[in-house]
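These are the residues of each chain, in order.
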Amino acid sequence: MEEETCKKMGYVPKTYIRYWNYTAMDPFNDLLLGPAYSINKILTQSGLTLKDMDVIEIHEAFAGQVLSNVAALDSTDFCKEAFGRSEKIGAIPLDKLNAHGGSLSIGHPFSATGVRLMLTASNRLHRENGRFALIAACADGGLGHACIIERYPQ
């Protein structure tokens, strides 16, 4: 909702959505790697890096799926072949990743996964006094999504 509408209704905004994207890749070779593709694109688009992120939430379709995306982003070969980068994106700090559990432990409400990720990241930004959060998810058929949110100044 628009910031002014939120305030007129008596609410205080929690976060701004600063950047977002969707990606599609070959589901035969890259199924469930949507977060890696979308994270590459969103970091390039925003000019930010993993080091700028205080909170990272990645949808956990399967435990191995998150691990494969983490490994892909920290692989020079993968980042060169898939993204045309000269170097890897880097290691995701595990202390910032899904700190309260992923979709398997918190819940994966079908059709509401994005809202769950957004609220978890927004609440963490406030509790942990962070500025930026990176959110990413995969979807069936070789799709990916990422967004960067920024904590609303209080």
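Details of the structure are given in the entry above.
Calculation notes
- Residues numbered from 1 in each chain as written.
- Predicted model: local features only at pLDDT ≥ 70, side-chain atom pairs only at ≥ 80, totals over all residues.
- Heavy atoms only, no water.
- 1 Å grid on protein atoms, 1.4 Å probe; cavity = no way out; pocket = protein on both sides within 12 Å on 5 of 7 lines; lining within 4 Å.
- Points joined across faces, edges and corners; volume = space filled by probe spheres on them.
- Helix = DSSP H or I, 4+ residues; strand = E, 2+ residues; numbered from the N terminus.
- Nonpolar A, V, L, I, M, F, W, Y, C, P; charged D, E, K, R; others polar.
- Salt bridge = Lys/Arg side-chain N within 4 Å of Asp/Glu carboxyl O.
- Buried < 20%, exposed > 50% of the residue type's maximum accessible area, 1.4 Å probe, protein only.

Attention shifts here to the layout of surface pockets. In this structure, the largest pocket spans a volume of roughly 440 Å³. If you trace the largest pocket, you find 15 residues lining it, with Met1, Pro13, Lys14, Thr15 and Tyr16 closest to the centre. Mapped onto the lining of the largest pocket, the elements with two or more residues apiece are helix H1 (3–8), strand E1 (15–24) and helix H7 (113–127). In terms of residue count, H7 provides more of the lining of the largest pocket than any other element does, four residues in total. Looking at the lining of the largest pocket residue by residue, the classes come out as ten nonpolar, two polar and three charged. When its volume is computed, the second largest pocket comes out at roughly 150 Å³.

This part covers the pattern of salt bridges. Within the structure shown, the criterion is met by six salt bridges. Glu57 serves as the salt-bridge partner of Arg124, at 2.8 Å between the closest nitrogen and oxygen. Of this pair, Arg124 sits in helix H7 while Glu57 sits in strand E2 (residues 55–58), and the two are 67 residues apart along the sequence. Neither residue differs from the other here; Arg124 and Glu57 are each classed as buried. With a shortest N-O distance of 2.9 Å, Glu128 and Arg124 are connected by a salt bridge.

These values are about where atoms sit, not about what they do.
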